[in-house]
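Survey of secondary and tertiary structure
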Amino acid sequence: MKNINIGEAELEIMKVIWKAKKAMTSVEIGLAVEDKGWKKTTIATFLTRLSEKGALKAEKQGKLYYYTPVITEKEYRRSQVKNLIKTLYNGSAKEFALSLFDEKKLSEKDIEELSAIFNTEEE
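Residues numbered from 1 in each chain as written. Predicted model: local features only at pLDDT ≥ 70, side-chain atom pairs only at ≥ 80, totals over all residues. Heavy atoms only, no water.

Digging into unusual backbone geometry
Trans peptide bonds make up the majority, and among non-glycine residues the majority have a negative phi. The phi angle at Lys21 is positive, at roughly 55°, despite the residue not being glycine. Within the secondary structure layout, Lys21 lies in the loop between helix H1 (8-20) and helix H2 (26-32). Lys21 gets classed as exposed once you look at its relative accessible area, which sits at 74%. Of note in this structure, Asn90 is not a glycine but carries a positive phi near 50°. Relative to the helices and strands, Asn90 resides in the loop between helix H4 (73-88) and helix H5 (93-100). (Helix = DSSP H or I, 4+ residues; strand = E, 2+ residues; numbered from the N terminus. Buried < 20%, exposed > 50% of the residue type's maximum accessible area, 1.4 Å probe, protein only.)

Following this line, the structure appears as structure tokens:
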């Protein structure tokens, strides 16, 4: 999976679509984020950017566009963790884990979860 850089506001849009688990129109997305106070044009800009970045797919049905995620939330999180480790910890998963757990001993489950993240092949 390629590394897609999603901004904070764009991530709010992605979270809405991931949570819905279905294709959504800009109107539906707008209703879900109305507490943000964003204008329709702002939401449209976010949707366009996310589509251009390859995070969303836009399909026109009649007069409306329906947006579906191209990447899963899990894939996105995994790519961000890998990028964080590469950038801030010189690629050392061990250093990353130590910083997260303040050098406390990791549980077997923690180790398994971290191992799964780092052993996944990048596409």
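After presenting the structure, the write-up continues.
Description of the side chain of Glu10
In this fold, Glu10 is placed in helix H1. Side-chain polar atoms of Glu10 contact the backbone nitrogen of Gly7, separated by 2.8 Å. In this structure Glu10 touches Asn5, Phe46, Arg49, Leu50 and Lys53, once residues within four positions along its chain are discounted. (Polar contact = N/O pair within 3.5 Å; in protein donor to acceptor, adjacent residues only side chain to side chain. Contact = heavy atoms within 4.5 Å.)

Quick look at the pattern of salt bridges
The tally for this structure, following the rule as stated, stands at seven salt bridges. Of the charged contacts, one joins Lys36 and Glu12 as a salt bridge, the two residues approaching to 3.6 Å between their closest N and O atoms. Highlighted residues: Lys36 in the loop between H2 and helix H3 (40-53) and Glu12 in helix H1, separated in sequence by 24 residues. For Glu12, a relative accessible area of 26% corresponds to the partly exposed category. Between Glu59 and Lys57 there is a salt bridge; the shortest N-O distance is 3.8 Å. Judged by its relative accessible area of 38%, Glu59 falls in the partly exposed class. What emerges from the salt-bridge pattern is a single network uniting Glu10, Arg49 and Lys53. (Salt bridge = Lys/Arg side-chain N within 4 Å of Asp/Glu carboxyl O.)

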